[in-house]
Structure formats: C-alpha cells, structure tokens
Amino acid sequence: METPGRPGEAFAQVLDAGDEAFLLIFGERLDPEVNARVQAFADALRSAGIRGLRDVVPGYLSLLVTYDAATRDGDELREELVAVRPATGTIRPPRHHEIPVCYGGAYGPDLEDVATQTGLSPEEVVRLHAGRDYRVYCLGFSPGFPYAAELPRALRLPRRPTPRLKVPQGSVGIAGLQTGIYPLETSGGWHLLGRTPLAIFDWTASRPARILPGDSISFRPIGEEEFLRLEAAERQGAPRG
Amino acid sequence: MARLKVIRPGMLTTVQDLGRQGWGYLGVSQQGALDPYALRWANRLAGNGSRAAALEITLLGPTLEVLEACFGGFAGAELGLKVNGEPWPAGTSRGLEAGDTLFFGPPKDGMRAYLAFAGGVQGEELLGSRSTDLPSRVGGFAGRALRAGDIVTVGVLAGNPAVAPVPTAILGNRVRLLAGPRDGLFAPDALHRLTSGPYLVTSHSDRVGMRLSGPEILGAPGGILSEGTPLGGVEIPPSGQPIVLLQGRGSVGGYPILATVISADIPVLAQIRPGSSLSFEEVSRDVARQARREMERSLDLGLRPLR
C-alpha cells in the first residue's frame, strides 16, 4: 500500500483538527505495522525542521500535528506535510523494556477478581500477562503512561464499572485488549494486577519517559523482597534500564 | 524578589503561562492559561514577554496581601478586583506597595482573569513551562492551587501604569468551529445537530473540558483507538452529550471528535460560566484564518499611558 518516495502515501488522509492541527490517518484497524509507520513518520517530521510545528502526537493509527496559526498558514503547512518522506526504517530504533512486577496481594488488588471473571487461576492470569511482548502504541492519559497491546484474549475484560480515585504509582493494569503502567498516582479504571518498582516518568530528566511510543515491553514476575530492593535502588537514582 | 501573602485562596487560583508545548508525544498535558488572549494582555501590561507566568483567577478571586512593592498588570474578566477598596479595572496596570490588599468582590462578568507581575510569577518550571498541572500535581506553586497562608514570589521591577487599547476579555455565547477531524465517523446530520444548539454549560466543567447538556449527538461510535486531542476539540462520549476539550485535557483520548473550535474563539470559551448557554457556528478555514489574524493584530496594538 505504501510506496516510499511518493508524496502523501505514508498516510491515507489529512483531516483538519481546527485551524491549529491536522490529524494524519495511517489506518483503520489495530495493526502493529500501521503503528510502526506512524512512529517512523513522527520521527521523520521531527527531524524535517518544519517551521512553526508545536507537537507531533502519535495515536494507535494516527498522528496529531499541531502548529502555531499565528506564524504558519495551514494550507502551506499541509503541502509541506504531504511532501515529507517517511523515514526508511525508524530513525530511533525501538527498545525493549523488561518490567519487573510484583503481582497480586496489596500490589495487585484486582488479580483475584480478574481470575474469577476470566475463570482462570491467579497463577494462570500472571503467566498469560507476563508471557508475551507488547507493543507500546502511544503514551497518554498521564505523563509516560504506555498504551500497550495486545492482551491475550482470555484476559480481555471491560474497564471496572467504577474507577478508583487513587491508583498507586507503578500499578500495572489491564482493560480491553490493552495493558499499561500508571507512572504517577492518579485516578484510574483499569484492573490492577500488580506493581512495578521502576520509575516510569521523571519530570526533571533530560529524557523524562523511560518507555517511548514504538518500544516494546514485557513483564517479569518478582516477589515482594525484590520489589522493595529495586524500589530502594530506584530512589537512589540507579541507572535506567 | 517581592512576595504576596495569600489570605484567602479564592475558588481556583493557579500559576499558568502559555503551557507545555511539544511534549504531548510523551503523554504530557498542555495546560497553561485557559484564556491565552487575556494572559498575553496581563503580561504586556506588566511589561513582561509573552512567556512569563501569571496567576489565573477563576470567578471568585483570592485575597492577597502585598509584602514588598511590585508592579502588576490585570486582564481578562471583570471579577471585582479592588486594591485597598479602590477598583482596579481589567486592562490596566499599576504599582503596588507593601501593605496593600488585593481583594475580589462580586464578579461582574466573565469567568477568568490574570494577574501578572513585572518580572513574572515564580514557580516550578518543568519541560519549559511554569504552568500548574493539577492532575499530575507538578509545576507552578507546588503543583496545586493556592491555599491560605501561601507566599507567592514575583519580580520587583517597576513599570508605568497603562491601559490596554481594547477589552482584554472576549465575551460571548457563540463560538465558531471547523468540522472534523472525525466528522466522517458520525451520521450526516451530526454536525447540524451540534450547531442547532444551544447547549447548557454544566457545573461538571473544569480545566480539562466544558461538559455540555443539550441536543444529543446520536449514533456516535462508542469509542475509538486512542488518538491525539486538539485544543477546542468537541468530543462525543457514548452519552451523546458533547465535551469541549480545553488546555487541561489529556494529550490523547478515546472518544471521536466531531468538530474543533477555532483558535480565535478559545478565549471566548474560557469566559463562559457554568450555567450559561453556548452555541456553535460552523465556519470555513478562511474565516478561522481571518479571525486569528485579527486577534494577533489586536494584541500588537500599543498600550496607552494611564492619565
């Protein structure tokens, strides 16, 4: 479908999102290949040196490009976007992150409930959740929160009927076909299976997010002892994994 | 540095500048002044560049005691600001002495105003902005709204009292929007229903968005795979009741956006109170471009000396 080098063929459509943003549509269905093209185009756009660009925000299948309408004419910018060639291979190679997770108990208050609802044992839920790699399609909801997919079919549940007002930092949750990590204490409606001691977002670091869109993650079950040890090491500023 | 003591915090008083631009791809919310037009006037009146932070005041303002002399610019809605009992009108600047008390009486019109100080309001700067991000509890003053007893630090520069040549709040109950980005996912009459309004702005509105009540937009897809959210986007949740996304929105969202308010009318949204009506008018890109050009031209007009 994509013919590199021909203008505008990296994405299928440019949609107006007001007079200070365009939404570039790359596909219609959840597809790692479509998302890889989103990320490659985002990288290409960032390095294209286009004047007046404010932000380039990847979604699962789309890229929101925001600009300053005080200094840029939208019609001219649209022409420039269409002319940008997608990077051949991504400029920034994706990284894999293995996330240690202490499952169940106070760390994962919904593990038992998820087991009941899916008809699995808690051990099977952990084995299925930790047993594969997930693609990080985009970040959002809260700074650094990775929207990762796809969850094994046996674990797919709708969100909790009532969101929690406080989800502890580092909580690992599932909802629908997605899994994610809460980088900060926030409210949240996902089922909480466990917690990671790793710092996922650091406002003052030169690279604030540990995990970037396009990266992949997997989960490694750990015990409470290792959780506490890793948590203490993170507080002392251990080098990033 | 000069200081002001918070005697009463008001309804919601936060430190805001023009927001965190360029970090949405990391899931960072834009934040910043809900009325950037009024903020820019407040900073101009205070003699600041456009990047300085100010206090965003929401409907019921704070009571502040000036501890050291400083110079302030006030712009946006007329929220009843007085200095030692004497009115300080929006769109003007003035010097303040130690012992002065800033007090907000009953608000006259609009919803938000900005108090800027020469040299800027100090606060935690993260990713290039001092804006308070309330859900993340970072930025500005300790990542939260002001409370009684807080000490706010500002610059000590002096200035010349001046008056803005135009009103610094744009008031109205009708905003213009462009169709899209996701109008294609809706029934053909959805945009017509949205512009048939009026809608009521409900009390569940906040810095994230204005929750509306009025003609339901039916047949909207229940949800979409998360994608970037534009400022002013009118998203349609399964209830069919629109939400207009403001500067405090998340960087991505899972409800389709039917239409997007034009950039020149974002300041109008910021001044509409809960309980008021709001209606939408669909316009062309040319109208949006012209409206924005006029707004920028107005912001370039010179200040007039006060008497």
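Remember, predicted model here, so these are calculated numbers, not experimental data. (Residues numbered from 1 in each chain as written. Chains lettered and ligands numbered in written order. Predicted model: local features only at pLDDT ≥ 70, side-chain atom pairs only at ≥ 80, totals over all residues. Heavy atoms only, no water.)

### Notes on the confidence of the model for chain A
Move 1: With 93% of its residues at a pLDDT of 70 or more, chain A has an overall mean of 91.
Move 2: Low pLDDT (under 50) marks residues 1-7 of chain A, which in the prediction has nine contacts with non-local residues, meaning those over four places away or in another chain. (pLDDT = per-residue confidence, 0-100. Contact = heavy atoms within 4.5 Å.)

### Observations concerning the pairing of strand β4 (residues 62-67) of chain A
All names here are of chain A.
Move 1: The buried fraction of β4 amounts to six of the six residues, a majority that puts the element mostly inside the structure.
Move 2: Burial along β4 is two-sided: S62, L64 and T66 facing one way and L63, V65 and Y67 facing the other are all buried.
Move 3: Where strand β2 (residues 21-25) meets β4, five bridges bridge the pair, whose relative direction is antiparallel. Within β4, the position partnered with L24 by the bridge is L63.
Move 4: By the bridge criterion, five bridges tie strand β3 (residues 53-58) to β4 in an arrangement that is antiparallel. Its bridge partner lying in β4, L53 is registered against Y67. (Buried < 20%, exposed > 50% of the residue type's maximum accessible area, 1.4 Å probe, protein only. Helix = DSSP H or I, 4+ residues; strand = E, 2+ residues; numbered from the N terminus. Pairing = 2+ DSSP bridges.)

### Overview of the nonpolar core
Move 1: Counting residues in hydrophobic clusters, the biggest one holds 47 residues, and the most contacted among them are B:L194, B:M210, B:L269, B:L278 and B:F280.
Move 2: Residues lining this core come from more than one domain, with at least three contributed by each of domain 1 (2-163) and domain 2 (174-298) of chain B.
Move 3: Each residue touching B:L194, except ones within four places of it in the same chain, is listed here: B:L177, B:Y199, B:I217, B:V234, B:P242, B:L258, B:A259 and B:F280.
Move 4: Within the second largest apolar cluster, 41 residues are counted, among which are A:I25, A:F26, A:Y67 and A:L81. (Core = buried A, V, L, I, M, F, W, Y, C linked by side-chain atoms within 4.5 Å. Domains from an automatic or database assignment.)

### Quick word on the packing of aromatic side chains
Move 1: Under the counting rule described, the total for this entry stands at 19 aromatic pairs over all chains.
Move 2: Relative to A:Y67, the ring of A:F22 lies with its centre 5.5 Å away and its plane at 20°, an arrangement referred to as stacked. With A:F22 in strand β2 and A:Y67 in strand β4, the pair connects residues that are 45 residues apart, well separated along the chain. Neither residue differs from the other here; A:F22 and A:Y67 are each classed as buried.
Move 3: Plain terms: the ring middles of A:Y60 and A:Y137 are 4.8 Å apart, the flat faces sit at 25° to each other, and that makes the pair stacked. Separated by 77 residues along the polypeptide, A:Y60 in the loop between β3 and β4 and A:Y137 in strand β6 (residues 134-139) bring together distant segments of the chain. Across this residue pair, the class does not change: A:Y60 and A:Y137 are buried.
Move 4: These aromatic residues form a ring-pair network of at least three members: A:Y60, A:Y137, A:F141, A:F145, A:Y147, A:Y182 and A:W190.
Move 5: Sitting over the ring of B:Y25, A:R46 keeps its end group 4.2 Å from the ring centre.
Move 6: In this arrangement the basic side chain of B:R94 is found over the ring face of B:W88, its NZ or CZ atom lying 5.9 Å from the centre. (Phe/Tyr/Trp six-rings, centres within 6.5 Å; stacked < 30°, edge-to-face > 60°. Lys NZ or Arg CZ within 6 Å of the ring centre and 35° of its normal.)

### Looking at the domain arrangement of chain A
It is common to report an interface's size as the accessible area lost on association of the parts.
Residues and elements named next belong to chain A.
Move 1: What the domain assignment lists for chain A is domain 1 (2-83) and domain 2 (96-235).
Move 2: A separation of 30 Å is found between the C-alpha centroids of domain 1 and domain 2.
Move 3: Each partner contributes to the interface: domain 1 provides nine residues, whereas domain 2 provides ten residues.
Move 4: In total, domain 1 and domain 2 occlude about 780 Å² of area from one another, counting both sides; carbon and sulfur atoms represent 61% of this.
Move 5: Three residues, L30, Q39 and Y60, lead the burial of domain 1 against domain 2; their summed loss comes to 61% of the area buried on that side.
Move 6: Linking domain 1 with domain 2 are zero salt bridges. (Buried area = accessible area lost by both parts, 1.4 Å probe. Salt bridge = Lys/Arg side-chain N within 4 Å of Asp/Glu carboxyl O.)

### So, unusual backbone geometry
Move 1: For the bond running from A:A149 to A:E150, omega is 5°, close enough to zero to count as cis.
Move 2: B:P181 follows B:G180 through a cis peptide bond whose omega is 15°.
Move 3: Phi at B:N84 is positive, roughly 50°, even though this residue is not glycine.
Move 4: Its place among the elements puts B:N84 in the loop between β6 (81-83) and β7 (86-87).
Move 5: Assessed through its relative accessible area of 49%, B:N84 is described here as partly exposed.

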